[in-house]
Amino acid sequence: MVVEILSAVVVAGGAWLAASVRVVKQYERGLVYRFGRVRSRIAEPGLMVLMPFADRLQKVNMQIVTMPVPAQDGITRDNVTVRVDAVVYFKVIDPVVAAVNVQDYRSAVGQVAQTSLRSIIGKSELDDLLSNRERLNEGLELMIDSPALDWGIHIDRVEIKDVALPEAMKRSMSRQAEAERERRARVISADGELQASYKLSQAAAQMADTPAALQLRLLETVVQVSSEKNSTLVLPFPVELLRFLDAQTPKPAAAAAPEAPAAKPEPEAVEAKPEANGHAAPAPRSPGDAVLPAAD
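Residues numbered from 1 in each chain as written. Predicted model: local features only at pLDDT ≥ 70, side-chain atom pairs only at ≥ 80, totals over all residues. Heavy atoms only, no water.

The next thing to look at is the pattern of salt bridges. Per the stated rule, a full pass over the model turns up nine salt bridges. In this structure, the salt-bridge partner of Arg 83 is Asp 73, at a minimum N-O distance of 2.8 Å. Of the two residues, Arg 83 is situated in strand β7 (residues 81-92) and Asp 73 in strand β6 (residues 65-75); the sequence distance between them amounts to 10 residues. In this structure, Arg 135 and Asp 128 form a salt bridge, with 3.5 Å as the shortest nitrogen-oxygen distance. Classification of Arg 135 as partly exposed rests on a relative accessible area of 45%. (Salt bridge = Lys/Arg side-chain N within 4 Å of Asp/Glu carboxyl O. Helix = DSSP H or I, 4+ residues; strand = E, 2+ residues; numbered from the N terminus. Buried < 20%, exposed > 50% of the residue type's maximum accessible area, 1.4 Å probe, protein only.)

Quick look at the nonpolar core now. Burial of nonpolar side chains together is a common tendency in soluble globular proteins. Of all hydrophobic cores here, the largest spans 36 residues; its most connected members are Val 82, Val 88, Phe 90, Ile 153 and Ile 155. In terms of residues, this core owes the most to one element, helix α3 (residues 105-123), which gives eight residues. Domain assignment of the residues forming this core places at least three in each of domain 1 (14-60) and domain 2 (64-164). In this structure Phe 90 touches Gln 63, Ile 64, Val 65, Met 67, Tyr 105, Arg 106, Val 109, Ile 153, His 154, Ile 155 and Asp 156, once residues within four positions along its chain are discounted. Judged by nonpolar contacts, the second largest core, of six residues, contains Val 24, Val 32, Ala 43 and Leu 57. (Core = buried A, V, L, I, M, F, W, Y, C linked by side-chain atoms within 4.5 Å. Domains from an automatic or database assignment. Contact = heavy atoms within 4.5 Å.)

The antiparallel open sheet is built from three strands, whose spatial order is β3-β2-β5. On the outer flanks of this sheet lie β3 (37-38) and β5 (55-61), each paired with one strand and no other. Two strands pair when backbone bridges link them, and strand β2 (residues 28-34) and β3 are joined in this way by two bridges, in the antiparallel orientation. Residue Tyr 33 lies in a different strand from β3, and its bridge partner there is Val 38. (Pairing = 2+ DSSP bridges.)

Next up on the list: unusual backbone geometry. The phi dihedral of Phe 35 falls on the positive side, at around 55°, and the residue is not glycine. Positive phi values are uncommon outside glycine, yet Asn 79 reaches one of about 65°. Checked against the element boundaries, Asn 79 lands in the loop between β6 and β7. Residue Asn 79 is classed as exposed on the basis of its relative accessible area, which comes to 68%.

This is the structure in structure tokens:
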């Protein structure tokens, strides 16, 4: 009889212990509801004992939550259609407010993030979305953090991940970048030519004062050309020397006058021969004879 009583006591104690003992992990905080009313004391990590059939424990995760924001289609302030997605990092700072004031704080933060992302797209220009993301991230974080503070949530960081552009806009931007690169290349080339012209003018003035420098430069050019191991040697030749040689060369004698052309022989007279129709063919005449019409 005693053994049976002891066994019943042990079973009842085990059931009570299983129903009243809970373990709260290090990254969690526990909210105790006694008869549906939340207690002000928050259960810290470790082992805690509840009143069976009266208390209910709700655990709230205090870690930083990474929530991706779905890509949102929008039109920028300069009328460009874009598709932007982002990611939100937040954590619970007041587990009582997060569990009592809002039904599902994760879903609430996600909806506010999507709405704020659409709003920030409409207020920004395309260049800001592509190159000035830090300022947009700060503005987006402020827009999401304002309502989240009333839910016991702190927005740790917001990042815009990607900005998808239409293909036509991508091609236009590529052409714009190519034209800008071409412009910069031409400006740099022109600047180089200007600097080179200054140096060449200084070198020409120096060589004009020292004629031997021009000869040394000529020899240096010959050495540079001959070091390339080719079969053709380019040797600069002064134009002034060619003019001097042309002036010193004697002119040749004038060619003999051409002979008069021989006179052409006059055609000989040919006797008239009768033709088959009974008429005589006219004989050739000299150039001085008069030509008379034939009689019928």
